[in-house]
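# Structure assessment
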Amino acid sequence: MKEKNGRRIAFRGAILTIAAMLPFGSLSVSASGTGAFHVGAFEQPPQKPTDYNTASNWANIAAAHIDRVMFIENSLLNGSPRTYNYADNQTGIDNSFANGVDLLATDSSVYGKYSYTASDKAALENSILPYKNNAKVAGMTLRDEPVGWNIEGIANTYRWAKAFAPQLDFYVNLNPAFAGDGMRPRPGKLALSNSGAQGDGTHVTLTQSLGQTFKIPAGMTFLDGIDMYIDQNQWSSSETLTLRLWNSPSKTTLLAQSSLAGSGVSSASDAYHSYPYFRFQVPVIPGTVYYMELTH
């Protein structure tokens, strides 16, 4: 977020965070009525190097009253990542369907793909097309445990895939406690928006700030702070960023501010490993639009 020496620090988005107080005490739960629910399994029979998607194996799965199987196998085969296409999935699709089990197939051209552009969308639809045209296919698996910076691309993939093939289920295995990218789990996390196609991001300089309005949800009366997704490779320990909370874009009333210095990391592997937390601890009004401004 600076221009000194020709460098700029990339900003990738913001996460509003609320600290919540919950009452202690005993809880009782009761339920009644009728309905149905799935009994699921995490992995279908292996496909490589030997295809175990036999009729008898799928009959055993059905006999165990498992009616939905998500395929997330992405381990290595002889040191190389396993890849799967429509032909690889055919026996699993045929035999799962014959035994009344829904299979959410994995195709390497769809799994783990992050979509941002029109060309991404076109490639996604082309990859999904054979599954869309097969009435035996129940759905597809899109990603296992995405981390924070994956979310926008996966969300676009999910949205576009569902619009293209609405009869299919698309599965993302979320794990909210997974913090492999350094996004420390906090209560009340509301939203994350990255900056587009994972390019250079949006930049703050000495002469240009970044600002955005946001609306406080109903029932929220206290804003503890805001997470910013910032590229640590471009933010040195000698540089300070300040996030200010204003009453509106006109900036007539400053409600709170917080300043942080960079970590000074230089390894490319740390590019996505920081969500610095700007703490405000300020009362807010539900339904009110506020303005946050990031300066260098």
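Residues numbered from 1 in each chain as written. Predicted model: local features only at pLDDT ≥ 70, side-chain atom pairs only at ≥ 80, totals over all residues. Heavy atoms only, no water.

Applying the stated rule across the entire model yields seven salt bridges. In this structure, D94 and K136 form a salt bridge, with 3.3 Å as the shortest nitrogen-oxygen distance. One end of the pair, D94, is in helix α2 (residues 86–98); the other, K136, is in the loop between α3 (118–132) and β7 (139–144), with 42 residues separating them in the sequence. Exposure remark for D94: the relative accessible area of 26% places this residue in the partly exposed category. The exposure class assigned to K136 is partly exposed, which follows from its relative accessible area of 35%. Its salt-bridge partner being D224, residue R279 comes within 3.2 Å of it at the nearest N-O pair. A residue pair is termed long-range when its members are at least 10 positions apart, and R279 in strand β14 (residues 277–283) and D224 in strand β11 (residues 222–230) qualify at 55 residues. Overall, the relative accessible area of 43% leaves R279 in the partly exposed class. (Salt bridge = Lys/Arg side-chain N within 4 Å of Asp/Glu carboxyl O. Helix = DSSP H or I, 4+ residues; strand = E, 2+ residues; numbered from the N terminus. Buried < 20%, exposed > 50% of the residue type's maximum accessible area, 1.4 Å probe, protein only.)

With that out of the way, let us pick up the confidence of the model for the protein chain. Per-residue confidence for the protein chain averages 78 on the pLDDT scale, and 70% of its residues sit at or above 70. Note on residues 177–200: pLDDT under 50 across the span, and 71 contacts to partners over four residues away in sequence or across chains. Low pLDDT, under 50, characterises residues 268–272; the predicted model gives this stretch 13 contacts beyond four residues in sequence or across chains. (pLDDT = per-residue confidence, 0-100. Contact = heavy atoms within 4.5 Å.)

Right, let's get into the sheet that holds strand β12 (residues 240–246). The strand order β10-β15-β12-β13 describes an open sheet built from four strands, whose pairing is antiparallel. Each edge of the open sheet is held by one strand with a lone partner, namely β10 (210–215) and β13 (254–261). Strand-to-strand, the axes of this sheet are offset by a mean angle of 20°, without reference to chain direction. Note that β12 and β13 share seven bridges and pair antiparallel. For W246, the partnering residue across the bridge sits in β13 and is L254. (Pairing = 2+ DSSP bridges. Axes fitted to C-alpha atoms, helices over the stretch in contact; angles between N-to-C directions.)

Looking now at helix α4 (residues 151–164). The end-to-end C-alpha distance of α4, which contains 14 residues, comes to 20 Å, matching closely the 20 Å that a straight helix rising 1.5 Å per residue would cover. Along α4, the residues that are buried comprise G153, I154, N156, T157, W160, A161 and F164. The arc that holds the buried residues of α4, viewed along the axis, is 155°, so those residues lie on one side. Buried residues along α4 sit against α3, β7 and β8 (169–173). (Expected span 1.5 Å × (residues − 1). Arc of directions from axis to C-beta.)

This part is about the packing of aromatic side chains. Applying the stated criterion across every chain yields a total of three aromatic pairs. Between F71 and Y84 the ring centres are 5.0 Å apart and the planes differ by 85°, which places this aromatic pair in the edge-to-face class. Here F71 is found in the loop between β3 (68–70) and β4 (76–77), whereas its partner Y84 is found in the loop between β5 (80–81) and α2, with 13 residues between them in sequence. Judged by its relative accessible area of 0%, F71 is buried. Overall, Y84 belongs to the buried group, its relative accessible area being 3%. Ring centres of Y86 and Y131 lie 5.0 Å apart, and the angle between their planes is 85°; this geometry places the pair in the edge-to-face category. (Phe/Tyr/Trp six-rings, centres within 6.5 Å; stacked < 30°, edge-to-face > 60°.)

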